[in-house]
Amino acid sequence: MAITLSFMNNKGGVGKTASTEILAELLVSLGNKILIVDMDEQSNISMIFHRYGTCPYNIRTIFLEKLKTREDIKKCIQTTDIKGIDIIASSLEHADTQTVLSCDRTCNINIILKKALDTIQDEYDYILIDNAPANNSLSVNSIIASDYVYVPAKAEKLSFEGARNTIDTMLTVKDEFMVSNVKFGGTFLVDIDTRTNNFKERQKEFKDTFGDSCLNSFIRKSVRIQEMESVYEPLLFSKGDTSNALKDYGELLYEFNLLPAEQQQKLKEILGGF
């Protein structure tokens, strides 16, 4: 059965898409089969994998048609150019999905995604959900469908506030919907420039704000990550040096402690080679 991870923060531009994409690449390199779910109408991760607008069935289809059979869900799944990574793409039209759902009184709109993903759980090792910067019923769907929720944040006050609100929402959803299976995996810093004088100050502020919720791993500022998101190419397709990005996200994945023992050991050995 797949382990489902959501990357959320209701503040935009905090590394949700990059985190989803690079962790998917690391996980598949360890021998896992991955499904990415693009919940953001901006569709950046769909574009990175060149699956934007290439299939008439996408995440919006799942929500508006309330798909819940394996056959129907598989129509929405596309393979990517990286063997072992599949994707349910998003679309520009997904922007109005929330509005349409809010008018629907025929079903529980908060569990549509869980019902859909439950049908294909046995076909993947990990399902990674890239979420929009929002706090609505689509966010609730992602939380309920997840086993773990992770919150990336930049070292700035608005990002911290977005992270705090996202964590509060997740805890509220767990309580209101009694979904004990959902765990908060932690929050981590992205786009960090360790060369600046205020790096340690920002890191301390982060830990003071979130306490035990903070993960020790952080992601350094990386030209390769910026290029990945601007030219729409997976990180491992980059012609430049990707070692810093892979090392940082590898250490983050190791800290997640979700891998089987043999994969955790293999990842540790890979990290030792950097």
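For the structure, check the block above.
Residues numbered from 1 in each chain as written. Predicted model: local features only at pLDDT ≥ 70, side-chain atom pairs only at ≥ 80, totals over all residues. Heavy atoms only, no water.

Student: Account for empty space enclosed by the protein, with residues named and values stated.
Tutor: On inspection of all chains with the given rule, the structure shows two cavities of 30 Å³ or more. What the largest cavity holds in volume is close to 60 Å³. Lining the largest cavity are M8, N9, N10, N131, A132, A134, N135, S139, I143, T166 and T169. In terms of residue class, the lining of the largest cavity is made up of four nonpolar, seven polar and no charged. Taken together, L189, Q203, F206, K207, L215, N216, S217 and F218 make up the full set of residues lining the second largest cavity. Secondary-structure elements contributing two or more residues to the lining of the second largest cavity are α9 (199-210) and β8 (214-220). Sort the elements by how many residues they give to the lining of the second largest cavity and β8 lands first, with four residues. (1 Å grid on protein atoms, 1.4 Å probe; cavity = no way out; pocket = protein on both sides within 12 Å on 5 of 7 lines; lining within 4 Å. Points joined across faces, edges and corners; volume = space filled by probe spheres on them. Nonpolar A, V, L, I, M, F, W, Y, C, P; charged D, E, K, R; others polar. Helix = DSSP H or I, 4+ residues; strand = E, 2+ residues; numbered from the N terminus.)

Student: Residue-level account of the sheet that holds strand β4 (residues 85-88), with values.
Tutor: Strand order in the open sheet formed by eight strands is β3-β4-β2-β5-β1-β6-β7-β8, with mixed pairing between adjacent strands. One side of each edge strand has no neighbouring strand; the edge strands of this open sheet are β3 (77-79) and β8. With strand direction ignored, the average angle separating the axes of adjacent strands in the sheet is 25°. The pairing of strand β2 (residues 34-38) with strand β5 (residues 126-130) spans five bridges and is parallel. By the bridge assignment, D38 is partnered in β5 with D130. Of the strands in this sheet, β1 (3-7), β2, β4, β5, β6 (148-153) and β7 (183-192) touch helix α1 (residues 16-29), which is tilted by about 165° from β5. Across the sheet, helix α11 (residues 243-256) lies against β1, β6, β7 and β8, angled at about 165° from β8, the strand it touches most. (Pairing = 2+ DSSP bridges. Axes fitted to C-alpha atoms, helices over the stretch in contact; angles between N-to-C directions. Contact = heavy atoms within 4.5 Å.)

Student: Would you mind going over the packing of α11 against helix α12 (residues 261-272) in detail, with residue names and values included?
Tutor: Each packed pair of helices is defined by two parameters, the angle between the axes and the distance between the axes. At a minimum axis separation of 10 Å, α11 and α12 run at an interaxial angle of 150°. Judged by the inter-axis angle, α11 sits roughly antiparallel to α12. Here α11 and α12 pass one another in a crossing that is left-handed. In this structure, α11 contributes K247, G250, E251, L253 and Y254 to the contact, and α12 contributes Q264, L267, K268 and L271. For the contact of α11 with α12, a count of residues per class yields four nonpolar, two polar and three charged. (Parallel < 35°, antiparallel > 145°, perpendicular 65-115°, else oblique. Left-handed = near helix turned anticlockwise from the far one by under 90°.)

Student: An account of the pairing of β7 is requested, with residue identities and associated values reported.
Tutor: Pairing between β6 and β7: six bridges, direction parallel. Residue pairing in the sheet places Y148 in a bridge with K183 of β7. Following the backbone out of β6, through helix α8 (residues 157-177) and into the adjacent parallel β7, one traces a crossover that is right-handed. Of the strand pairs in this sheet, β7 and β8 are connected by three bridges, and their pairing is parallel. By the bridge assignment for β8, T187 is matched with C214. Read as a crossover between parallel neighbours, the route from β7 over α9 to β8 is right-handed. (Right-handed = clockwise from strand over helix to strand, strands pointing away.)

Student: Would you mind going over the state of the cysteines in detail, with residue names and values included?
Tutor: This structure, assessed with the given rule, holds zero disulfides. Free cysteine: C76, not disulfide-bonded; nearest cysteine sulfur from C55 at 6.6 Å. (Disulfide = S-S within 2.5 Å.)

Student: Any chance you could break down the packing of α1 against α11 for me, citing the residues and the numbers?
Tutor: Put simply, α1 and α11 touch, their axes get as near as 10 Å, and they point 80° apart. With respect to α11, the axis of α1 lies roughly perpendicular. Between α1 and α11, the residues in contact are A18, S19, I22, L23, L26 and L27 and L246, Y249, G250, L252, L253 and F256, respectively. When its residues are assigned to classes, the contact of α1 with α11 shows ten nonpolar, two polar and no charged.

Student: Outline the environment of D38, listing residues and values.
Tutor: Position of D38 among the secondary structure elements: in strand β2. By relative accessible area, which is 0% here, D38 ends up buried. Along the backbone, D38 and F188 are 150 residues apart, and their C-alpha atoms lie at a distance of 21 Å. In contact with D38, not counting residues within four places along its chain, are S43, N44, I45, S46, I59, I88, A89, S90 and D130. Among the polar contacts listed, one links the side chain of D38 to the side chain of S46, at a separation of 2.6 Å. (Buried < 20%, exposed > 50% of the residue type's maximum accessible area, 1.4 Å probe, protein only. Polar contact = N/O pair within 3.5 Å; in protein donor to acceptor, adjacent residues only side chain to side chain.)

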